[in-house]
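Residues per chain are reported as follows:
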Amino acid sequence: MNAAVATAVFGGFMVLTVVLGLLAVRGRRTAGRPGGGGLTEWSVGGRSLGTVFIWVLMAGESYTSFSYLGAAGWGYNFGAPVLYLLAYMSCGYALGYVVGPMLWAYARRHGLVGITDIVAHRYGRPWLGAAVALLATVCLLPYIQLQITGMGVVVSTISYGAISLNWGYFLSFVVTTAFVTVSGLRGSAWVSVLKDVLVIATLGFLAVYVPWHYFGGYGPFLHRIVAEKSQWLTFPGHASGGLGQVWFATTTVVNSLTVVIFPTTVAGYLGARNADALRRNAMYLPFYNVLLFVPVLLGMAALFVVPHLSGAGSNLALFKLVVDSLPAWAVGVIGAAAALSSIVPMAVFMLVIGTMWGRSVLGARPGGPAGATGAAEGGERGTVPGGRQKLFSQLVVVVAGALALLLTYTAPDTLVRLSLISYEGMAQLVPMLLLGLVWRRLTVHAAVSGLVVGFALVCVLVFGGHDPVRGVNAGLVGLVVNLVVALAVTWLGPGAKDGRPDAEVLALEDEFPRREGTAPRGGGVSPPASR
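What you are looking at is a predicted structure, and each value in this text was computed from that prediction instead of being measured.

**Details of the packing of aromatic side chains**
Considering all chains together, one arrives at 19 aromatic pairs under this definition. An aromatic cluster is defined as three or more aromatic residues linked by ring pairs; in this entry it consists of Trp-74, Phe-78, Tyr-84, Tyr-88, Tyr-143, Trp-247, Phe-262, Phe-349 and Tyr-423. Positioned above the aromatic ring of Tyr-123, the side-chain terminus of Arg-122 is 4.4 Å from the ring centre.

Pasting the structure below:
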């Protein structure tokens, strides 16, 4: 009976998710609307999302199944080191206050719809956009697998084992693919609203309920942690394997730099209605991160309630408490919140991979001039028509999701490792993208050389079991070497031969005025209206 009730509640929310995704694009397909139902509307919401939708969308990307499972698991296994989550996200939002409007304005001015578009335009090389799409896909596919795995674990647990892990994985793929293929970024934003309502409500409830139910209040709970589990409250935590202060600081630095150029974050930037929406968003998002303390605390509470979890089983610390003490309908609601925390980020990851391939790989015509100012919805000159790009992108979404599902069945891995590999690899795009948009002298040879060396070094360190390196995050080691190589090649290698003016290549300050409607300084050209 418990399994039937919990599964029915959970199933109702999944149906509502698909319906919301489909309703999001109702009436958006007419030619008179921004994007006209084409690639721009599908991939970046027609560049028309306001502060609220951008906030819930980007919060959805940061609050994933890892927050329910991995954060609680890290709290259970290690303790204090898991607080790197709050540190790097807060620092990343501060950087996003500057970086978000810069990327938004640059992409809007030149009719670009993603990170690969931006790179190809900046360096005038269509092949570079395709290469970045391939590299980013390698880093993002494991992250999709992470979300599929997370949702499978949630579904199996809240159904009291009635639904197997394999069916949970498949359900995750079907629900996400069903709405993101049709509704794109706007559908993800709408579903994020439902997700955030459930997340805030369920975590707020659990933050009060669990300590009182099991310990009689926060006082006895915290006193017991201090008395019996003091290692969990200091660095390097319990049995952390080197996750001390140096690791914490370096991971915070590299992840905060990476999160602002992560393809899914950039998709959120480009979907904004104006730059001010992004600035407000950067100020509001840290408040959402306060919720991350809840699964961490609950993970440590589980040390006393279910003390013998080990390996991947520790990721179930929070849900062991939920299933053990709550009625079935409440288990179903909390399971739906956790599942939506998998679905929303997974949808954006699949959408970004589809856009990168549909636009920069399958949608590019070899030999077409790169970096031309965007024409109509058909995209840049040198690309296939926008309608076909959107179709290609939607097909890639299905293929990417299916491939990630296959990897979940055949090559499962731990939640945290998958997430860290994605960030450490994507960190190597920081010099190519951010430095390249503000420094004209950075050449394509230098940017590519740094990227190749940095990414190769990260792979050697991570897969060779040398992460962290004397306590230092391997991603930061790779990023420093990446930057040194890029600067050396810039100064010693062949000079730049790009004859385009600075306004065509760089992200200039006069391109994005401080307030919407304010005249640009320095005689710059105002961004065109949203497509």
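Still to come is the rest of the account.
**Observations regarding the confidence of the model for the protein chain**
Model confidence for the protein chain is summarised by a mean pLDDT of 83, while 86% of its residues fall at 70 or above. Per-residue pLDDT stays below 50 along residues 30–36; that stretch engages in 14 contacts with residues further than four places along the chain or on separate chains. Counted against residues more than four places away or in other chains, residues 367–382, with its pLDDT under 50, gives 44 contacts.

**Quick look at the side chain of Ser-393**
Among the secondary structure elements, Ser-393 is positioned in helix α16 (residues 386–410). Overall, Ser-393 belongs to the buried group, its relative accessible area being 0%. Every residue in contact with Ser-393, bar those within four places of it in the chain, is listed here: Leu-39, Trp-42, Gly-354, Thr-355, Gly-358 and Arg-359.

**Structural notes on unusual backbone geometry**
Phe-235 connects to Pro-236 through a cis peptide bond whose omega is 5 degrees. Looking at the element boundaries, Pro-236 is found in the loop between α9 (218–228) and α10 (245–259). Looking along the chain, the bond that leaves Asp-467 and enters Pro-468 is cis, with omega of 5 degrees. Residue Tyr-160 is not a glycine yet carries a positive backbone phi of 60 degrees. Note on placement: Tyr-160 falls in the loop between α7 (126–158) and α8 (165–215). Of the residues examined, Tyr-160 reaches a relative accessible area of 31% and is grouped as partly exposed. If you check the backbone angles, Arg-470 has positive phi at about 50 degrees while not being a glycine. With respect to the helices, strands and loops of the structure, Arg-470 is situated in the loop between α19 (444–463) and α20 (474–492).

About the thresholds
Residues numbered from 1 in each chain as written. Predicted model: local features only at pLDDT ≥ 70, side-chain atom pairs only at ≥ 80, totals over all residues. Heavy atoms only, no water. Phe/Tyr/Trp six-rings, centres within 6.5 Å; stacked < 30°, edge-to-face > 60°. Lys NZ or Arg CZ within 6 Å of the ring centre and 35° of its normal. pLDDT = per-residue confidence, 0-100. Contact = heavy atoms within 4.5 Å. Helix = DSSP H or I, 4+ residues; strand = E, 2+ residues; numbered from the N terminus. Buried < 20%, exposed > 50% of the residue type's maximum accessible area, 1.4 Å probe, protein only.

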